[in-house]
Amino acid sequence: MEVVVNTSVNKPLPIAVVPFKTSDPNVPVDVATVIRNDLERSGRFAPMPVQDMISRPADLSEIHFDDWRRLSMPHMVVGKVDAGGGDSVEFRLVDVYTTRQLTGYRLDSAPARLRFTAHQIADIIYEQLLGQKGAFATRIAYVTVRKLADGRKQYRLEIADADGYNPQVLLESPQPILSPAWSPDGGRIAYVSFEGHNSAVYVQDIATGRREAVAAGEGLNSAPAWSPDGTRLAMTRSAEGNPEIYVLSLADRRFQRVTNDPSIDTEPAWSPDGSRLAFSSDRGGQPQVYETDLANLQVRRITFNAGGYNVRPRYSPDGSLMAMVHRDDSGDHIAVLNLKTGQYNIVTDTRFDESPSFAPNGSMIIYSTTGAGGTELAAVSVDGRVRQRLASPPGAEVREPAWGPFRK
Amino acid sequence: MLKRAISLMLMFLALHVLSACSSESTKEGNAAVVDKTGLSDEEKNAKAHAVPASGELQGGALEGAANPLSRTVVYFDYDSSEVHAEDRPVIEAHAAKLAANHNLIVTLEGHCDERGSREYNLALGERRAQAVKKQMMLLGVAADQIRTVSYGEERPADPGHDEAAYSKNRRVEIVYAK
């Protein structure tokens, strides 16, 4: 996948990321281009095109600051990739007007890790200039669906870098796969698979591929959500007859039922402090978002759009916002509710927008939408101003995105 | 009788052509949403025929047709898991058959239209299957003869994106174990 369309904020920050110098012609990754693409994709930066650069300095001493001032370029990045094919990378972020280095590092890398190193550099630049941690060196999980020549479908659970590169297949199945969820340490993924001709919740270790069904059997086993401490999974089951939310303790495999209502209760999401679960329920007549306090199981209603439909809540990493799927006469869109002020914004206007998932820095929401070729991924800033579309691989639909945690 | 059979066939053909047109006019990726995977070729074929037949020939066409057992699909309103009054005879007929044959086992497959979130639709499909299960149990079917499964919006009967398609996709299919 790659990013194909980008709408940015009104005044993105100009920055010149000069091609990194290397004496090795076999460096597998153009580090500066990866950084430039990351910064541009965020919608917060306007990287200078390489062809507009009048020189290509690689070190502080090589910069002719007057030239870059005339180009109205407030910041620039220069760097070098070491001759071992990328065993180390050094870079400097420079304030053109003061001629001072704002930050600079020499990072150990390896040819196979060079893209990751470039994303880390983009994260450092983003944080230095915007005061918010970057989320470029992260990964996303998603499901692809392909129609095979014999008419059957092929579902794949994949993970990839946040820019869509380095896709890896975790599971392939002729039956639907849904709802991937990252463990807080990024090492495991929980998901729903219909491979046994019924929904079952699996937990899979990413590095080893080992997996285990943690909830299976009669009826619904779905919507897994990791507790912030990684010891429990909230999920929906109908083993007792009605879709209810349970919390599974992974250590002793015990289920605790946390909802008790004859209506639909599903799509649990943990508050960042682990004390509450938001969920979708039609207990009030129409599907709306509710929240239960895990200490006393007191339920309170969160969304109140009369005649509306609000489901699939997700808390922002700092707990101040909640993203959800909102449906009205114009279709299904992603909405963001400010939990402090009550302000409610619909931030997308594409078709069948669903499955919102926050970036770990809270800046963007990745979601699934429907384009000409079927479902595909898109991302939007929490204020709705920055929008991206991720191009699907040829012949594949992509859906069910989940943005992974910061990598250590 | 012959006249009726012909008009049924014509109706079937007309609807078939219509649905073929509509799936052509929709996007390539979505034309393929009917999922037959994971089933044996036999099941696949049986299913491929059963779905349009039960979907298209219901309603007026079956009025007076003596045997409600010939219908294996019941339909639901938008965002609802309430069984339609006119579908009761279908459920009653299958319940009577099951109650009289304790060795028969049936799977109630709940489905939804594509609107709304996938996970919510899994729960809604489960509720629809459970609603049919409850009716069957009230009519004397043993709980261990009924299995429920929800595919939510993952296996639409009609890949279209309009109410005509949606109304066929909000359904419970009654599938007998072989």
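Residues numbered from 1 in each chain as written. Chains lettered and ligands numbered in written order. Predicted model: local features only at pLDDT ≥ 70, side-chain atom pairs only at ≥ 80, totals over all residues. Heavy atoms only, no water.

1. Some thoughts on the overall build of chain A
When helices and strands are tallied, chain A shows three helices and 30 strands. Classification of the 408 residues of chain A by burial places 58% in the buried group. Within chain A, residue pairs in contact and separated by at least 24 positions form 43% of the contacts whose partners lie at least 6 positions apart. Carbon and sulfur atoms form 47% of the exposed surface of chain A, whose accessible area is close to 16300 Å². (Helix = DSSP H or I, 4+ residues; strand = E, 2+ residues; numbered from the N terminus. Buried < 20%, exposed > 50% of the residue type's maximum accessible area, 1.4 Å probe, protein only. Contact = heavy atoms within 4.5 Å. Areas by Shrake-Rupley, 256 points an atom, 1.4 Å probe, with all protein chains shown as cover.)

2. Thoughts on the overall build of chain B
From N to C terminus, chain B includes six helices and four strands. For chain B, the α and β elements follow one another from N to C terminus as α-α-α-β-α-β-α-β-α-β. The proportion of buried residues among the 178 residues of chain B is 51%. Counted over contacts in chain B with a minimum sequence separation of 6, partners at least 24 positions apart contribute 73%. Carbon together with sulfur atoms contributes 60% to the accessible area of chain B, which is approximately 8300 Å² in total.

3. Quick notes on the interface of chain A and chain B
At the junction of the two partners, chain A supplies 48 residues and chain B supplies 39 residues. Taken over both partners, the interface formed by chain A and chain B buries close to 3600 Å², and the fraction arising from carbon and sulfur atoms is 50%. A per-residue breakdown of the area chain A buries against chain B is headed by Arg152, Lys153 and Ile264 of chain A, which together make up 15% of the total. Connecting chain A to chain B are two salt bridges. One salt bridge connects Arg118 of chain B with Glu400 of chain A, and the closest N-O pair in it is separated by 3.8 Å. Only strand S8 (153-161), strand S10 (177-182), strand S14 (221-226), strand S18 (265-270), strand S22 (309-315), strand S27 (364-371), strand S28 (374-381) and strand S30 (396-403) of chain A provide two or more residues apiece to the side of chain A that touches chain B. A breakdown of the residues in the side of chain A that touches chain B according to their chemical character gives 16 nonpolar, 17 polar and 15 charged. (Buried area = accessible area lost by both parts, 1.4 Å probe. Salt bridge = Lys/Arg side-chain N within 4 Å of Asp/Glu carboxyl O. Nonpolar A, V, L, I, M, F, W, Y, C, P; charged D, E, K, R; others polar.)

4. Focus: the sheet that holds strand S9 (residues 168-173) of chain A
In a beta sheet, neighbouring strands pair by backbone hydrogen bonds and run either parallel or antiparallel. Residues and elements named next belong to chain A. In space, the four strands of this open sheet follow the order S9-S8-S7-S30, with antiparallel pairing throughout. Each of the sheet's edge strands pairs with one partner strand only, and the pair in question is S9 and S30. Averaged over neighbouring strand pairs, the angle between their axes works out to 20 degrees when direction is ignored. By the bridge criterion, nine bridges tie strand S7 (residues 139-147) to S8 in an arrangement that is antiparallel. (Pairing = 2+ DSSP bridges. Axes fitted to C-alpha atoms, helices over the stretch in contact; angles between N-to-C directions.)

5. Considering helix H3 (residues 114-130) of chain A
For an α-helix the count is 3.6 residues per turn, leaving residues at separations of three or four pointing the same way. Residue and element names in this part refer to chain A. Compared with the 24 Å implied by 1.5 Å per residue over 17 residues, the 24 Å span of H3 between its first and last C-alpha is a close match. Where burial is concerned, most of H3 is hidden: twelve out of the 17 residues are buried. Turning to H3, its buried residues number three or more, namely Leu114, Arg115, Phe116, Thr117, Ala118, His119, Ile121, Ala122, Asp123, Ile125, Tyr126 and Leu129. (Expected span 1.5 Å × (residues − 1).)

6. Details of the nonpolar core
Grouped together as the largest cluster of nonpolar side chains are 36 residues, with contacts concentrated most on Phe194, Val201, Val214, Trp226, Leu233, Met235 and Ile365 of chain A. Per element, the largest residue contribution to this core is four residues, and it comes from helix H5 (residues 118-138) of chain B. Among all residues touching Trp226 of chain A, those that are not within four sequence positions of it are Ala181, Trp182, Ser183, Pro184, Arg188, Ile189, Ala190, Val203, Arg232, Leu233, Leu250 and Trp270 of chain A. Within the second largest apolar cluster, 25 residues are counted, among which are Ile15, Phe20, Ala122 and Tyr126 of chain A. (Core = buried A, V, L, I, M, F, W, Y, C linked by side-chain atoms within 4.5 Å.)

7. Side note on unusual backbone geometry
All names here are of chain A. In this structure, Thr99 is a non-glycine residue whose phi angle is positive, near 60 degrees. Unlike most non-glycine residues, Leu297 shows phi in positive territory, near 60 degrees. Owing to a relative accessible area of 33%, Leu297 belongs among the partly exposed residues under this scheme.

8. As for the confidence of the model for chain B
Residues and elements named next belong to chain B. Averaged over every residue, the pLDDT of chain B is 74; residues scoring 70 or more account for 63%. Averaged over each element, pLDDT in chain B is lowest for helix H2 (residues 28-31) (32) and highest for strand S4 (residues 171-176) (98). Scored below 50 in pLDDT, residues 1-64 shows 80 contacts in the model against residues more than four places distant or in partner chains. (pLDDT = per-residue confidence, 0-100.)

9. A few points about the pairing of S18 of chain A
Residues and elements named next belong to chain A. Of all six residues that make up S18, six are buried, and the element is covered over most of its length. As judged from the four bridges shared by S18 and strand S19 (residues 276-281), these two strands associate in the antiparallel manner. The partner of Trp270 across the bridge, within S19, is Leu277. With antiparallel pairing between neighbouring strands as the criterion, S18 and S19 make up a hairpin whose turn holds five residues, including Gly274 at a positive phi of roughly 75 degrees.

10. So, the packing of aromatic side chains
Residues and elements named next belong to chain A. For the structure shown, the criterion picks out eight aromatic pairs over all chains. Aromatic pair Phe91 and Tyr105: ring centres 6.2 Å apart, planes at 35 degrees, arrangement tilted. Taken together, the residues span a long stretch of sequence, with Phe91 in strand S5 (residues 88-95) and Tyr105 in strand S6 (residues 100-108) at a distance of 14 residues. For Phe91, a relative accessible area of 2% puts it in the buried group. With a relative accessible area of 43%, Tyr105 lands in the partly exposed category. Look at Tyr246 and Phe255: their rings are 6.3 Å apart centre to centre, the planes differ by 90 degrees, and that puts the pair in the edge-to-face class. Accessibility expressed as a relative area gives 5% for Tyr246, which makes it buried. A relative accessible area of 29% places Phe255 in the partly exposed class. The positively charged end of Arg283 is found above the aromatic ring belonging to Tyr290, 5.5 Å away from the centroid. (Phe/Tyr/Trp six-rings, centres within 6.5 Å; stacked < 30°, edge-to-face > 60°. Lys NZ or Arg CZ within 6 Å of the ring centre and 35° of its normal.)

11. Brief notes about the side chain of Thr148 of chain B
Here Thr148 of chain B lies in strand S3 (residues 146-152). Engagement of the side chain of Thr148 of chain B in a polar contact is seen with the side chain of Glu126 of chain B, the distance being 3.0 Å. (Polar contact = N/O pair within 3.5 Å; in protein donor to acceptor, adjacent residues only side chain to side chain.)

12. Some details on the packing of helix H4 (residues 88-100) of chain B against H5 of chain B
Residue and element names in this part refer to chain B. Between H4 and H5, whose axes approach to 9 Å, the crossing angle comes to 55 degrees. Taken together, the axis directions place H4 and H5 in an arrangement best described as oblique. In this structure, H4 crosses over H5, and the sense of that crossing is right-handed. Mapping the contact onto sequence places Arg88, Ile91, His94, Ala95 and Leu98 in H4 and Val132, Gln135 and Met136 in H5. (Parallel < 35°, antiparallel > 145°, perpendicular 65-115°, else oblique. Left-handed = near helix turned anticlockwise from the far one by under 90°.)

13. Quick look at the sheet that holds strand S1 (residues 73-75) of chain B
All names here are of chain B. Strand order in the open sheet formed by four strands is S1-S4-S2-S3, with mixed pairing between adjacent strands. Each edge of the open sheet is held by one strand with a lone partner, namely S1 and S3. If you compare each strand with its neighbour and ignore which way they point, the axes differ by 20 degrees on average. The pairing of S1 with S4 spans three bridges and is antiparallel. Of the residues in S4, the one forming a bridge with Tyr75 is Arg171. H4 rests against S1, strand S2 (106-111) and S4 of the sheet, and its axis sits at about 25 degrees to S4. Along the sheet, H5 contacts S1, S2, S3 and S4; its crossing angle with S3, the most-contacted strand, is approximately 155 degrees.

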